[in-house]
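Chain by chain, the residues:
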Amino acid sequence: MAGRAAVVIGINYETQIEGSGSRAGLTRLRYAEADARDVAAELTAAGYDVRLLLGAQATQRAIINAIVQQRRVAGADGLLVLHYSGHGDVDPDDEQMAYLLPVDTNPDELLASAIPLNVLAHNYLGAVGAALTLLDCCHSGWALGWKGAGDRGEPFRRQALATFNAATGRVVLTACPGEELARELRELGHGVFTHHLLEHWRERDAEVTAESLFAEIDQGLERRGLPRPVMGGTHRGRLTLREARAVAPTSPPPASVGLSTAEMERREQLYLAISQLSAEGWATVLDALGENPAALPGKNPLAQARTLVPKLANEGWLSVLMANVERQGAAEQAAAVAAQVADLTRQFEAARTRKDWDTAIRLGEQILGLDAQQASIRAPLALMHRERGVSYHAKGDYDRALDDFTRAIELAPQNAFCYNQRGVSYHNKGEHDRALADLTRAIELAPQQAEYYFERGKFYHNQNKYDRALADFTQAIELDPQNAQYYYSRGVSYHNKGEYNHAIADHTRAIALAPQQADYYFERGKSYLAKGDSDRVLADLTRAIALDPQREEYYRMRGMRYLMKGDNVRALADYTHANALAPQNGE
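Residues numbered from 1 in each chain as written. Predicted model: local features only at pLDDT ≥ 70, side-chain atom pairs only at ≥ 80, totals over all residues. Heavy atoms only, no water.

Asks: Would you mind showing me how to read the overall build of the chain here?
Replies: If you tally the helices and strands in the chain, you get 25 helices and 15 strands. Put simply, the chain has 587 residues, and 50% of those count as buried. Sequence-distant contacts in the chain: of pairs separated by 6 or more residues, those separated by 24 or more amount to 65%. Approximately 27,200 Å² of the chain is accessible, and the part contributed by carbon and sulfur atoms is 49%. (Helix = DSSP H or I, 4+ residues; strand = E, 2+ residues; numbered from the N terminus. Buried < 20%, exposed > 50% of the residue type's maximum accessible area, 1.4 Å probe, protein only. Contact = heavy atoms within 4.5 Å. Areas by Shrake-Rupley, 256 points an atom, 1.4 Å probe, with all protein chains shown as cover.)

Following this line, the structure appears as structure tokens:
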């Protein structure tokens, strides 16, 4: 079941006041905390899980933590409501940036200590099915990028479309445009915005929606001659905040109700449709109605629509408007996603340039989450997953390596290298069936790649399947006859099968190709030992020690050979040296 959660914040700033002035040059508020208490009470009564932060509790960290916690409570399909009553302020260095001011805000460091309104609306409330932000503060319209009269806040709308292209929506309702100030009145005991919000919530028996809330607050502020509220965002259908109340049949309707519930719903839907029309779409509607925009009150569509809603409702324009909104929404959504993809792609390329692979991978996955067909991203992203997987494998972090190789294969399913590397990681984890399947698939995709036969040969060797290992090592040698490692590995398999002459021949060939590899002499010495050729054993072991004097087993085996020959002095010297090296090898 989808959850309903809320964060409610109210700050009077009483502890920040010194004398008649205030820190940050702000006046003490009288009713912000009363706003928050009453809103929290109404939401709690309506079944919301509410986090209430008042006064000194409402620090920057506490506000952000409360939002994160309540997002989890609401869940991916739930509704999160944020209500804030307090101060909003404009950045003195950037008049288009405004902030919600937590109680611990440093006025000289707004960016570090306050919360940008547009960031709040764009980022913090996104991980839920629907989010409604209610801001009762000065300059709150900047949360929507809405400066003042005639401004439609399109940047926020585009962001909301891109963010909620597969979810219910994100809506912001603010007390005033960005250039205006919110008000609180003594006779109301509340901020004016919150007073009308509570009035509508308490007096309305029908369901409360974002649209009905906006309409009632707007009318209340208009009657008082105050700056009008602003609503923006996008969502599908009605954003219901509280269900209809059961009313006893004998109860008379409130005296203020002049319209039927059905008519109110029609008008709310009209407001919703109009709020989502572009300026061009609204101009088309006005032209069809024969209305002159200059003759209508207000500068934006919602303001102009107030006098036209009754006419639009009576003439059946709702279905026409909704159809236009659907068409426009699809086009805007596609454009918003394309813009977001373009921006992320720029960041992706920048991260690639500076070789910040983790960031590049994160951005690439975001891009594909928005548009899975981005061919220009898939290939480099697959390569980065592959390279990061190789790095994880080298560190012994096989689980992460497997995750990266698997993702690389999803992005580039014909990439033989990734199958081979994933097979090696599975082999090292002991998942033998998966290892063999991947190593074999790599060979099927690239049958001329010697390395893939070599890796499968090592797998078979470790499973004691020496005949199959020999076949794969032989194929690797045929494809790359100058690779000493291939001869060496085949020689070890021959030795384990008891075919010592073949083993000696392969180790001799490996030594000829790579004469500085101590292991090659050591393994050949073991085969000579198996044949009883003591002198050659000693010669190979002595050469191995000269090339790598830190290997305990080299001294121990040579000491044993000296002991068998009766050379006790040299045997004791080698055993002593081996014992001295043993602790180092165990660290």
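Moving on from the coordinates now.
Asks: Looking at this structure, I do not really get the environment of Ala-573. What am I missing?
Replies: With respect to the element layout, Ala-573 can be found in helix H25 (residues 568-586). As a C-alpha pair, Ala-573 and Gly-559 span 14 residues in sequence and 7.6 Å in three-dimensional space.

Asks: Any chance you could explain the pattern of salt bridges here in plain terms?
Replies: Think of it this way: side chains of opposite charge can pair up when their charged atoms draw near. Counting across every chain of the model gives 34 salt bridges. For Asp-540, the salt bridge identified is with Arg-524, shortest N-O distance 2.8 Å. Of this pair, Asp-540 sits in helix H23 (residues 534-547) while Arg-524 sits in helix H22 (residues 518-531); the two residues are 16 residues apart in sequence, bridging distant segments of the chain. Of the charged contacts, one joins Asp-535 and Lys-565 as a salt bridge, the two residues approaching to 3.3 Å between their closest N and O atoms. In this pair, Asp-535 sits in helix H23 while Lys-565 sits in the loop between helix H24 (552-564) and H25, placing the two residues 30 residues apart along the sequence. The network of salt bridges with shared partners includes Asp-399, Lys-429, Glu-431 and Arg-434. (Salt bridge = Lys/Arg side-chain N within 4 Å of Asp/Glu carboxyl O.)

Asks: So what exactly am I meant to see when it comes to the packing of H22 against H24 here?
Replies: Packed helices, taken two at a time, are described by the angle their axes make and the gap between the axes. Close contact between H22 and H24 brings their axes to 12 Å; oriented N to C, the two are set at 30°. For the element pair H22 / H24, the angle class is roughly parallel. Read as a crossing pair, H22 and H24 show a hand that is left-handed. Residue-level contacts link Ala-518, Asp-519, Phe-522, Lys-526 and Leu-529 of H22 to Glu-553, Tyr-554, Met-557, Met-560 and Arg-561 of H24. Split by residue class, the contact of H22 with H24 holds six nonpolar, no polar and four charged. (Axes fitted to C-alpha atoms, helices over the stretch in contact; angles between N-to-C directions. Parallel < 35°, antiparallel > 145°, perpendicular 65-115°, else oblique. Left-handed = near helix turned anticlockwise from the far one by under 90°. Nonpolar A, V, L, I, M, F, W, Y, C, P; charged D, E, K, R; others polar.)

Asks: Before we go on, may I ask you to explain the side chain of Arg-561 in this structure?
Replies: Position of Arg-561 relative to the elements: it lies in helix H24. Although Arg-561 is buried, it makes no salt bridge; Asp-535 carries the closest opposite charge, 7.8 Å away. Residues within four places of Arg-561 in sequence aside, it is in contact with Leu-529, Ser-534, Val-537, Leu-538 and Leu-541. (Lys, Arg positive; Asp, Glu negative; His and termini not counted.)

Asks: Explanation requested: the packing of helix H21 (residues 500-513) against H22 in the structure shown.
Replies: Relative orientation of the contacting elements H21 and H22 amounts to 155°, with a least axis distance of 9 Å. Taken together, the axes of H21 and H22 are roughly antiparallel relative to one another. As for how H21 packs across H22, the hand of that crossing is left-handed. For the pair H21 and H22, contact is made by Tyr-500, Asn-501, Ala-503, Ile-504, His-507, Thr-508, Ala-510 and Ile-511 and by Tyr-520, Tyr-521, Glu-523, Arg-524, Ser-527, Tyr-528, Ala-530 and Lys-531, respectively. Looking at the contact of H21 with H22 residue by residue, the class counts come to nine nonpolar, four polar and three charged.

Asks: Explanation requested: the confidence of the model for the chain in the structure shown.
Replies: Should the pLDDT be low somewhere, the predicted coordinates at that spot are not to be read in detail. Residues of the chain with pLDDT of at least 70 account for 80%, and the chain-wide mean is 82. Predicted confidence is poor over residues 17-25, with pLDDT under 50, and the contacts of this stretch with residues over four places away or in other chains come to 13 contacts. Overall, residues 160-167 carries pLDDT values under 50, and its contacts beyond four positions in sequence, including any with other chains, amount to 25 contacts. (pLDDT = per-residue confidence, 0-100.)

Asks: Honestly, the packing of aromatic side chains in this entry has me stumped. Any pointers?
Replies: The description of an aromatic ring pair rests on the distance of the ring centres and on the angle between the ring planes. Enumeration over the complete set of coordinates arrives at five aromatic pairs. Look at Phe-454 and Tyr-486: their rings are 4.8 Å apart centre to centre, the planes differ by 35°, and that puts the pair in the tilted class. You can see Phe-454 sitting in helix H18 (residues 450-462) and its partner Tyr-486 sitting in helix H20 (residues 484-497), a full 32 residues away along the chain. Here the two residues Phe-454 and Tyr-486 agree in accessibility, since each one is buried. Three or more aromatic residues joined by ring pairs form one cluster here, namely Phe-454, Phe-473 and Tyr-486. When the ring centre of Phe-417 is taken as origin, the NZ or CZ atom of Arg-386, which lies over that ring, is 4.3 Å away. The residue whose ring lies beneath Arg-441 is Tyr-419, and the NZ or CZ to ring-centre distance is 6.0 Å. (Phe/Tyr/Trp six-rings, centres within 6.5 Å; stacked < 30°, edge-to-face > 60°. Lys NZ or Arg CZ within 6 Å of the ring centre and 35° of its normal.)

Asks: What should I look at first to understand the pairing of strand S5 (residues 79-85) in this one?
Replies: For a regular strand, side-chain orientation follows a simple rule: the groups alternate between the two sheet faces. Counted residue by residue, S5 has seven buried out of seven residues, so it is predominantly covered. Of the two faces of S5, the one holding Leu-79, Val-81, His-83 and Ser-85 and the one holding Leu-80, Leu-82 and Tyr-84 are both buried throughout. Here seven bridges tie strand S1 (residues 4-10) to S5, and the two strands are oriented parallel to one another. Counted as the bridge partner of Val-7 is Leu-82 from S5. Of the strand pairs in this sheet, S5 and strand S9 (residues 130-136) are connected by seven bridges, and their pairing is parallel. Considered in S9, the bridge of Val-81 is made with Leu-132. (Pairing = 2+ DSSP bridges.)

Asks: Explain helix H2 (residues 60-74) here, please?
Replies: Helical geometry: 3.6 residues make up each α-helical turn, so side chains three or four residues apart lie on a common side. Here H2 spans 21 Å end to end across 15 residues, near enough to the 21 Å set by a 1.5 Å rise per residue. Those residues of H2 that fall on the buried side of the exposure criterion are Ile-63, Ala-66, Ile-67, Gln-70 and Ala-74. Projected down its long axis, H2 shows its buried positions confined to an angular sector of 100°, all on one face. Facing away from the buried side of H2 by more than 90 degrees, the exposed set consists of Arg-61 and Arg-72. Where H2 ends, the next residue or the one after it, Gly-75, has phi of about 85°, a positive value. (Expected span 1.5 Å × (residues − 1). Arc of directions from axis to C-beta.)

Asks: Honestly, the environment of Gly-457 in this entry has me stumped. Any pointers?
Replies: With respect to the helices, strands and loops of the structure, Gly-457 is situated in helix H18. Judged by relative accessible area, Gly-457 falls into the buried class, the value being 0%. Sequence separation between Gly-457 and Tyr-486 is 29 residues, and the spatial gap between their C-alpha atoms is 9.5 Å. Not counting residues up to four positions away in its chain, the partners in contact with Gly-457 are Ala-469, Asp-472 and Phe-473.

Asks: What is the right way to look at the side chain of Glu-184 in this model?
Replies: Inspection of the secondary structure assignment puts Glu-184 in strand S11 (residues 184-185). A distance of 2.8 Å separates a polar side-chain atom of Glu-184 from the backbone nitrogen of Arg-30. With near-sequence residues (within four places) excluded, Glu-184 lies in contact with Leu-29, Arg-30, Tyr-31, Ala-32, His-190, Gly-191 and Val-192. (Polar contact = N/O pair within 3.5 Å; in protein donor to acceptor, adjacent residues only side chain to side chain.)

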